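Chain and residue survey
Next come the chains, spelled out residue by residue.
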Amino acid sequence: MSSPEEWTHPGPDVPPATGATPTAEQVIAGLRATDEGGADLVQLLTPEGERVEHPDFDIDVTAEELRGLYRDMVLVRRVDREANALQRKGQLGIWVPLLGQEAAQIGSGRALRPSDMAFPSYREHGVAWCRGIKPTDLLGIFRGTDHGTWDPVEHRFHPYTIVIGNQVLNAAGYAMGQKFDGAVGDSDGEATICYFGDGATSQGDVHEGFVWAAVYDAPLVFFCQNNQWAISEPTERQSRLPLYQRARGYGFPGIRVDGNDVLATLAVTRWALEECRQGNGPVLIEAFTYRMDAHTTSDDPSRYRLSDELELWKLKDPIERVKVHLVKQQWADQAFFDSIEREADEVAVELRDYCVSLPDPPAGRIFSQVYAEGNPVLEAQRDEFLAYHAGFAGGDH
């Protein structure tokens, strides 16, 4: 299914999906459009590790570059798995896994230039890695000790946004500022990328961001990681159309890429960012991928999806297809893969040691980073709280 007409009019014998309750045939048509990716899916590396051609997108990648992308994905996955384990051991309050979405994040993250700006949600650990942020800098957010310790200006990476879809408005405003400042119009221009999930597309903030970016031709790439599940709601329960086709209603291009294909994601994101730098307005990318773990560590996906679905998507693993291709091309040997695994072990040890040694912040700090300047009301609240807190000193509480 590659067009809105095929989606809502699946065939001559199937009526259009205009009723409040779709027929079984309409549901099946919708499922195929979301589960299979559709004819418009941009793919350059198949799940079997074979390079394929695409009429509009291609990428010349060297052996060294592909080994680098493989390394990125392996290390980011190890960080994710280690943080997940730390939460299970009580060292983190919560963790938001990215398992299965490594190609979408590394491919798009490596497409960014140093001058570009990125606005994440709360799952973009791979993009943070690409922006030079240490994995240890992410832990305080999920341990409850800080809001993130990196400099968003230096790294061109906004702090994580927990409120679903809110970062889209922030990104739209930032990109409008780039346009007003004359930072677009040629290949040396700037661009902004904003990350959100398929569930966020049901939020008003996202649609408002689409409107503002479209009206002002903002240099903004909307990067939707469609991992098929908005917590427990599947994509077909949220949209009659494939998500990338929603861009038509706002007057800018939308494209669907295989989000488990790091090369296709890299190529498509490079194109989209260049469109924005040239002043051609916003672009929507739907990275068609799959969340292979829970929504967060507080979620139990076995309550709403079948294990067969997960097993099917494991065959499309983003890392394995790159490994197979490297072997087929004789671009990497076992010594290389072993060295990456050793490096991943070292990263995991560093992450674990850092996490368990994080000091608890002083109780009064929650009052020190609310306003730029103090005020009598806030100071009175602080003094009252600290006095109450001091009453527990030396006792069980």
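Going by the structure above, here's the rest.
A brief structural summary. (Residues numbered from 1 in each chain as written. Predicted model: local features only at pLDDT ≥ 70, side-chain atom pairs only at ≥ 80, totals over all residues. Heavy atoms only, no water.)

1. So, helix α8 (residues 166–180)
Across its 15 residues, α8 extends 22 Å between first and last C-alpha, which sits within 8% of the 21 Å expected from 1.5 Å per residue. Among the residues of α8, those classed as buried are Gln-167, Val-168, Ala-171, Ala-172, Ala-175, Met-176 and Gln-178. If you follow the buried residues of α8, they end up packed against β1 (117–119), β2 (192–197), α9 (204–215) and β3 (220–226). Immediately beyond the C-terminal end of α8, within one or two residues, lies Gly-182, with a positive phi of roughly 75 degrees. (Helix = DSSP H or I, 4+ residues; strand = E, 2+ residues; numbered from the N terminus. Expected span 1.5 Å × (residues − 1). Buried < 20%, exposed > 50% of the residue type's maximum accessible area, 1.4 Å probe, protein only. Contact = heavy atoms within 4.5 Å.)

2. Quick notes on the pattern of salt bridges
Using the criterion set out here, one finds 20 salt bridges in the structure. Here Asp-293 makes a salt bridge to Arg-81, at a shortest N to O gap of 2.8 Å. With a gap of 212 residues between them, Asp-293 in the loop between β7 (283–288) and α11 (307–314) and Arg-81 in helix α3 (residues 63–88) connect regions that are remote in the sequence. Here Asp-116 ties to Arg-277 by a salt bridge, and the two come within 2.6 Å at their closest N and O atoms. Taken together, the positions of Asp-116 in the loop between α4 (102–109) and β1 and Arg-277 in helix α10 (residues 262–277) put the pair 161 residues apart, joining distant regions of the chain. Side by side, Asp-116 and Arg-277 carry an identical accessibility label, which is buried. Three or more residues are tied together by salt bridges with common partners; here these are Arg-113, Asp-116, Glu-274 and Arg-277. (Salt bridge = Lys/Arg side-chain N within 4 Å of Asp/Glu carboxyl O.)

3. Re the side chain of Thr-192
Tracing the backbone through its elements, the reader meets Thr-192 in strand β2. Its relative accessible area of 0% is what places Thr-192 among the buried residues. Those residues in contact with Thr-192 that sit more than four places away from it in its chain are Met-117, Phe-119, Ala-171, Tyr-174, Ala-175, Gln-178, Pro-219, Leu-220, Val-221 and Leu-273.

4. Remarks on unusual backbone geometry
Unusually for a residue other than glycine, Asp-217 sits at a positive phi of about 50 degrees. Assignment of secondary structure puts Asp-217 in the loop between α9 and β3. Backbone geometry places Gln-228, a non-glycine residue, at a positive phi of 80 degrees. Residue Gln-228 is classed as buried on the basis of its relative accessible area, which comes to 6%.

5. Focus: the sheet that holds β1
The 5 strands lie next to each other as β1-β2-β3-β7-β6, forming an open sheet whose pairing is parallel. Edge positions in the sheet fall to β1 and β6 (254–258), since each of these pairs with one other strand and no more. Going across the sheet, the axis of each strand differs from the next one's by a mean of 20 degrees, ignoring polarity. The strands touched by α9 within the sheet are β2, β3 and β7, with β3 carrying the most contacts at an inclination of about 150 degrees. Those strands touched by α10 are β2, β3, β6 and β7, and its axis lies near 170 degrees from that of β7. (Pairing = 2+ DSSP bridges. Axes fitted to C-alpha atoms, helices over the stretch in contact; angles between N-to-C directions.)

6. Side note on the side chain of Gln-105
With respect to the element layout, Gln-105 can be found in helix α4. Not counting chain neighbours up to four residues away, the residues in contact with Gln-105 comprise Leu-98, Arg-123, Glu-124, His-125, Gly-126, Val-127, Cys-130 and Gln-225.

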